[in-house]
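# Examination of the molecular architecture
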Protein chains: 2
Amino acid sequence: MSAHTQSLEALIDALSRLPGVGRKSATRMAFYLLRQPAETAHALGAAIVAARDTIRYCEVCQNLCESSPCERCRGRVREESLLCVVESPQDLVAIESTQEFHGRFHVLHGVISPLDGVTPADLKIHELIVRLSGGAFGEVILAMNPSIEGEATASYLTKLIAPLGVKVSRIASGLPMGAQLEFADKATLGRSLIDRRTLA
Amino acid sequence: MSAHTQSLEALIDALSRLPGVGRKSATRMAFYLLRQPAETAHALGAAIVAARDTIRYCEVCQNLCESSPCERCRGRVREESLLCVVESPQDLVAIESTQEFHGRFHVLHGVISPLDGVTPADLKIHELIVRLSGGAFGEVILAMNPSIEGEATASYLTKLIAPLGVKVSRIASGLPMGAQLEFADKATLGRSLIDRRTLA
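Here's what I pulled together on the structure shown here. On a predicted model such as this, the values are computed, not experimentally measured, just so you know.

Rules behind the numbers
Residues numbered from 1 in each chain as written. Chains lettered and ligands numbered in written order. Predicted model: local features only at pLDDT ≥ 70, side-chain atom pairs only at ≥ 80, totals over all residues. Heavy atoms only, no water. Helix = DSSP H or I, 4+ residues; strand = E, 2+ residues; numbered from the N terminus. Buried < 20%, exposed > 50% of the residue type's maximum accessible area, 1.4 Å probe, protein only. 1 Å grid on protein atoms, 1.4 Å probe; cavity = no way out; pocket = protein on both sides within 12 Å on 5 of 7 lines; lining within 4 Å. Points joined across faces, edges and corners; volume = space filled by probe spheres on them. Nonpolar A, V, L, I, M, F, W, Y, C, P; charged D, E, K, R; others polar. Phe/Tyr/Trp six-rings, centres within 6.5 Å; stacked < 30°, edge-to-face > 60°. Salt bridge = Lys/Arg side-chain N within 4 Å of Asp/Glu carboxyl O. Least-squares fit on C-alpha atoms with pLDDT ≥ 70 in both. Contact = heavy atoms within 4.5 Å. Pairing = 2+ DSSP bridges. Axes fitted to C-alpha atoms, helices over the stretch in contact; angles between N-to-C directions. Right-handed = clockwise from strand over helix to strand, strands pointing away.

### Observations regarding unusual backbone geometry
Residue and element names in this part refer to chain A. The omega torsion of the bond from S68 to P69 falls at -5°, within 30 degrees of zero and hence cis. Structurally, P69 is set in the loop between β2 (64-65) and α4 (71-74). The phi angle at Q99 is positive, at roughly 60°, despite the residue not being glycine. Structurally, the position occupied by Q99 is in the loop between α5 (89-97) and β4 (104-107). Classification of Q99 by relative accessible area gives exposed; the value is 63%.

### A closer look at the layout of surface pockets
Residue and element names in this part refer to chain A. In this structure, the largest pocket encloses a volume near 530 Å³. Surrounding the largest pocket, 14 residues form its lining, A172, S173, G174, L175 and P176 being those nearest its centre. A per-class count over the lining of the largest pocket returns 6 nonpolar, 3 polar and 5 charged.

### Re the packing of aromatic side chains
All names here are of chain B. Under the criterion given, the structure shown has 2 aromatic pairs over all chains. Look at F101 and F105: their rings are 5.1 Å apart centre to centre, the planes differ by 55°, and that puts the pair in the tilted class. Both residues of the pair, F101 and F105, count as buried.

### A short note on the pattern of salt bridges
Following the criterion strictly, the structure yields 14 salt bridges over all chains and no others. The network of salt bridges with common partners includes E9, D13 and R23 of chain A.

### Considerations on the relation of the copies chain B and chain A
A rotation about an axis combined with a shift along that same axis relates the two copies of the chain. For the pair chain B and chain A, the best superposition has an RMSD of 0.1 Å and corresponds to a rotation of 180° with a translation of 0.1 Å parallel to the axis. The symmetry that links the two subunits is that of a two-fold axis. Scanning chain B for the C-alpha nearest the rotation axis identifies G45 of chain B, at a separation of 1.9 Å. A symmetric contact is evident, with 100% of the interface residues of chain B recurring at the interface of chain A.

### Comments concerning the sheet that holds strand β6 (residues 167-170) of chain B
Residues and elements named next belong to chain B. Here we have 4 strands laid out as an open sheet, ordered β4-β3-β5-β6, and parallel in their pairing. Of all strands in the sheet, those bounded by a partner on one side alone are β4 (104-107) and β6. Strand-to-strand twist in this sheet, taken as the mean axis angle between neighbours without regard to direction, amounts to 25°. Sheet strands in contact with helix α5 (residues 89-98) are β3 (82-86) and β4, and its direction is about 155° off that of β4. With respect to the sheet, helix α6 (residues 125-133) is in contact with β3, β4 and β5 (139-142), its orientation differing from that of β4 by roughly 150°.

### Looking at the pairing of β3 of chain B
All names here are of chain B. Counting buried positions along β3 gives 5 out of 5 residues, so the element sits mostly inside the fold. The two faces of β3 match: L82, C84 and V86 on one face and L83 and V85 on the other face are all buried. In this sheet, β4 lies alongside β3 in parallel orientation, the contact comprising 4 bridges. Residue pairing across strands places V85 opposite H106, the latter belonging to β4. Handedness of the crossover joining β3 and β4 through α5: right-handed.

Right, here's the structure in full:
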């Protein structure tokens, strides 16, 4: 006899495939769902299916959307000639929330990472180049994370974009605002010295 | 404009209601589900609904089951007159996996905890007393956790069961097997002294 009933085992199995969820958390979640009113479980089940079925890539910026082109691409922005390239939809939201960027976005959905089997063909790079070839953009800001893969992807993209006559820039790396030098890691402090700004 | 699309927000909302899942993990799970083949998301959605709809309480032991009485209650056991009372289905599985218990089970679905608003009426105590009144059991092992609420529930049950002429016992507390005295907490070490076994 298995430890739990068949449908409970199936639920624990399915939940434990979620990222960051082991068998113990999955079991806890499953028992939680069984204790809730049926509507709670039905709502979660329906939300999963609905999201998976309605969400697609925007044909312009490649961000996730429910109808393509997405709301952002249909709307107007203050700096139409500025394009910000990000790794993921979450990064796009992070940049938007700073209210310091007023241009267009392009989502790569990853970075080049040979160790994880991610090649340029797996990313929305072709779509980016096609978009830039249209001549509508004067500058591209590469806003990939300052990780090894992010830097590698940025130099790869720079080589592709430069011939199109579009200015390419990279978000600044350095000490986070409010940081203390004595506790900063060497790589960050080093970068903040190399990329020092001239004040006068 | 909200950060994510409507169905994505709905999914993140629903996932973040799971225990131990905050908004950040829920967002990560949602994006994971969107990256998977549609079948993965559909399977999880269906598993949640199926589990919630098929699982009920066994009319005998009150454990979760798909058809009542459950498989365990329909089967035979070596010690028919021994009943083990546990807090939760997970605890039942834990005890069964020791292979040291060969009697029947009864699941309370919680412990008395006034601070959490759990009273005896919220637990399967009435069902336990009815079951014991049948006269089929010679001994009840109270296997609630050795927590304050578990101990309180055990003494409450003892007072209810003793008049029925059924022997009541409690699982032993003390040092876990393989533990080292110098690192044991005081409460556990104290309990292991109070409950010392006579060897000779």
